[in-house]
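Each chain, letter by letter, is given below.
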Amino acid sequence: MLPMMHRKMLIDNLDGNVELFSSLAQQAIEAGELDRRPDPERFSLREIFAHVADFDPIFLGRIVDARDKDNPTLVGSDPGRMAIDNNYSHSVPNVAIDWLRASRPELTAALRELTDDEWSRTADHKVFGPMTIETLAIAVSIHDGYHLNQILEWLKS
């Protein structure tokens, strides 16, 4: 289990990532690179911003379910299907960032309010298996970091 100080750092990192996404969205807009797709198997920059914003409420729902229910089953989400259903290819990055700005504080508030025992509560993810709330929170940070690095890599190339 992470020490309390590291949990706080994790939550602060999740809060701060919103501004990183916002700054990178502006860079992508100014560079005219929103629809760039260096890898045909991955999202374009435009689609990444919509994807990250769409997943925040999903992550929050998983954390709340694990907190409030006894070992709930968490279903996986299909990012490709969500991209089609939510028309990521025509999304507006600043709108996606606004959604992220609205949803991320709810997610981090839920984490800040957890007791020590609640951080250890578990859920059974259909794809990833047993996960604690702590693991779920770390997964959000990993998801953010993966896409932040992806955006940086593509903007630099």
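Engineer: An account of the environment of Glu-19 is requested, with residue identities and associated values reported.
Structural biologist: Assignment of secondary structure puts Glu-19 in helix H1 (residues 4-31). When its relative accessible area of 46% is taken as the criterion, Glu-19 is described as partly exposed.

Engineer: Can you tell me about the packing of aromatic side chains, naming the residues and giving the values?
Structural biologist: Within this structure, the stated rule accounts for two aromatic pairs. For the pair Phe-43 and Tyr-88, a centre-to-centre distance of 5.8 Å together with 65° between the ring planes defines the contact as edge-to-face. Highlighted residues: Phe-43 in the loop between H1 and helix H2 (45-68) and Tyr-88 in the loop between helix H3 (79-85) and helix H4 (93-112), separated in sequence by 45 residues. Overall, Tyr-88 belongs to the buried group, its relative accessible area being 1%.

Engineer: Lay out unusual backbone geometry in plain terms, naming residues and giving numbers.
Structural biologist: Positioned with a positive phi, Asn-71 is a non-glycine residue whose angle comes to about 45°. Looking at the element boundaries, Asn-71 is found in the loop between H2 and strand S1 (73-74). A residue is classified by how much of its surface remains accessible, and Asn-71, at 43% relative accessible area, is partly exposed. In this structure, Asn-87 takes a positive phi of about 55° despite not being glycine. Here Asn-87 is to be found in the loop between H3 and H4. The exposure class of Asn-87 is partly exposed, given its relative accessible area of 40%.

Engineer: Tell me what's going on with the layout of surface pockets, and back it up with residues and numbers.
Structural biologist: Taken as a whole, the largest pocket holds about 310 Å³ of empty space. Along its surface, the largest pocket is lined by 16 residues, and Phe-55, Phe-59, Arg-62, Phe-128 and His-143 are the ones closest to its centre. Going through the elements one at a time, H2 and helix H6 (133-156) are the ones with two or more residues in the lining of the largest pocket. By residue number, the principal contributor to the lining of the largest pocket is H6, which donates five residues. Here the residues of the lining of the largest pocket sort into ten nonpolar, five polar and one charged.

Engineer: Quick one: what's the story with a nonpolar patch on the surface, residue by residue and with numbers?
Structural biologist: There is a patch of nonpolar side chains on the surface, built from Val-92, Val-95 and Trp-99 and spanning about 280 Å² of accessible area. As for its position among the elements, Val-95 is in helix H4. Overall, Val-95 belongs to the partly exposed group, its relative accessible area being 36%.

Engineer: Go over the pairing of strand S3 (residues 129-132), please, and point to the residues and values.
Structural biologist: Bridge count between strand S2 (residues 122-125) and S3: four bridges; the pairing is antiparallel. Each residue of the ladder has a partner; that of Asp-124, found in S3, is Pro-130. Hairpin connection of S2 to S3: three residues between the antiparallel strands.

Engineer: Could you give an account of the side chain of His-143, with specific residues and numbers?
Structural biologist: Secondary-structure assignment places His-143 in helix H6. The class for His-143 is buried, based on a relative accessible area of 15%. Not counting residues up to four positions away in its chain, the partners in contact with His-143 are His-51, Val-52, Phe-55 and Phe-59.

Engineer: Describe the sheet that holds S2, with residues and values.
Structural biologist: Read across the open sheet, the three strands follow the order S1-S2-S3; overall the sheet is mixed. Of all the strands in the sheet, just S1 and S3 have a single pairing partner and so form its edges. Two elements, S1 and S2, share two bridges in a ladder whose sense is parallel. Counted as the bridge partner of Leu-74 is His-125 from S2. Here H6 sits on the sheet and contacts S1 and S3; the angle it forms with S3, its principal contact strand, is near 90°.

Rules behind the numbers
Residues numbered from 1 in each chain as written. Predicted model: local features only at pLDDT ≥ 70, side-chain atom pairs only at ≥ 80, totals over all residues. Heavy atoms only, no water. Helix = DSSP H or I, 4+ residues; strand = E, 2+ residues; numbered from the N terminus. Buried < 20%, exposed > 50% of the residue type's maximum accessible area, 1.4 Å probe, protein only. Phe/Tyr/Trp six-rings, centres within 6.5 Å; stacked < 30°, edge-to-face > 60°. 1 Å grid on protein atoms, 1.4 Å probe; cavity = no way out; pocket = protein on both sides within 12 Å on 5 of 7 lines; lining within 4 Å. Points joined across faces, edges and corners; volume = space filled by probe spheres on them. Nonpolar A, V, L, I, M, F, W, Y, C, P; charged D, E, K, R; others polar. Patch = residues over 30% accessible without salt bridge, like charges linked within 9 Å, V, L, I, M, F, W, Y side chains within 5 Å. Areas by Shrake-Rupley, 256 points an atom, 1.4 Å probe, with all protein chains shown as cover. Salt bridge = Lys/Arg side-chain N within 4 Å of Asp/Glu carboxyl O. Pairing = 2+ DSSP bridges. Contact = heavy atoms within 4.5 Å. Axes fitted to C-alpha atoms, helices over the stretch in contact; angles between N-to-C directions.

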